[in-house]
Amino acid sequence: CCIHLAGSECLPCQPNECNTPNQQSKLYVPFLRAEPGRDREVSHRIVNAADVIDGRYRLERLLGTGGMSEVWLAEDERLGRQVAVKIIRDSGEDLGGTIEREARLVARLQHPNIVSVFDAGQQDGNHYLVAEYIEGSSLREVLQARGRLTEAEAVRYGIQVARALQYAHSQGIV
């Protein structure tokens, strides 16, 4: 899992302690997180900027890549909001049932430290997932830029991760 820091340095232990909207940390579900910095290494894209997925999600810029996928910032043209779209490369395997089952399970989760999943589908042989987009830095990026976390920061992040995992477990996911 990867903790995503939304916005600035607001690191409350309790979700209600943050007075600034969208400043709470979110826990990225593993299948939704791309590896930062790898987006420039891939020469063959699954999709391109300005492509429209399912007649609704206009891709804006590549956020990152993984072995089988790309994660893009996109505009949901129907609802007028930014989303993260993960495009899974067609591997020849039938992943549709697995991906849609995972998307349905994760979409049930409503927790301040878990990124929401909005949609899933298939286009041109590639499956996609659409999730909440949160602008900010990954924990990896923060550690690379600043070095070690303070003990207090590590504890606050650990508490948020534990709460998210506890909630997911209570819902039968973990």
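Given the structure is predicted, the values throughout are model-derived calculations rather than measurements. (Residues numbered from 1 in each chain as written. Predicted model: local features only at pLDDT ≥ 70, side-chain atom pairs only at ≥ 80, totals over all residues. Heavy atoms only, no water.)

(A) Region of the structure containing the environment of Val130. Its place among the elements puts Val130 in strand S8 (residues 126-132). Exposure remark for Val130: the relative accessible area of 0% places this residue in the buried category. Separated by 13 residues in sequence, Val130 and Val117 have C-alpha atoms that sit 6.0 Å apart. If sequence neighbours within four positions are ignored, Val130 has contacts with Tyr57, Val83, Ala84, Val85, Val117, Phe118 and Asp119. (Helix = DSSP H or I, 4+ residues; strand = E, 2+ residues; numbered from the N terminus. Buried < 20%, exposed > 50% of the residue type's maximum accessible area, 1.4 Å probe, protein only. Contact = heavy atoms within 4.5 Å.)

(B) Local environment of the nonpolar core. If you look at the biggest cluster of nonpolar residues, it comprises 13 residues, and the most contacted ones within it are Val47, Ile53, Tyr57, Leu59, Val85, Ile87 and Tyr128. Within the residue set of this core, elements represented by two or more residues are strand S4 (57-65), strand S5 (69-76), strand S6 (81-88) and S8. With residues near it in sequence (within four places) discarded, Val85 still touches Tyr57, Leu59, Glu70, Val71, Trp72, Ala74, Tyr128, Leu129 and Val130. Grouped together as the second largest cluster of nonpolar side chains are seven residues, Ile88, Leu95, Val106 and Val117 included. (Core = buried A, V, L, I, M, F, W, Y, C linked by side-chain atoms within 4.5 Å.)

(C) Inspection of unusual backbone geometry at higher detail. For Ala50, which is not a glycine, the phi torsion comes out positive at approximately 80 degrees. Considering the arrangement of structural elements, one finds Ala50 in the loop between strand S2 (26-28) and strand S3 (52-53). By relative accessible area, which is 46% here, Ala50 ends up partly exposed.

(D) Fine view of the pattern of salt bridges. Overall, the coordinates contain four salt bridges when judged by the stated rule. For Arg58, the salt bridge is made with Glu77, and the minimal N-O distance between the two is 2.6 Å. Of this pair, Arg58 sits in strand S4 while Glu77 sits in the loop between S5 and S6, placing them 19 residues apart in sequence. Take Arg58: its relative accessible area is 33%, and that puts it in the partly exposed class. In this structure, Arg146 and Glu153 form a salt bridge, with 2.7 Å as the shortest nitrogen-oxygen distance. Since its relative accessible area comes to 39%, Arg146 is described here as partly exposed. Classification of Glu153 by relative accessible area gives buried; the value is 6%. Several salt bridges share partner residues, and in doing so they unite Arg56, Asp76 and Arg81 into one network. (Salt bridge = Lys/Arg side-chain N within 4 Å of Asp/Glu carboxyl O.)

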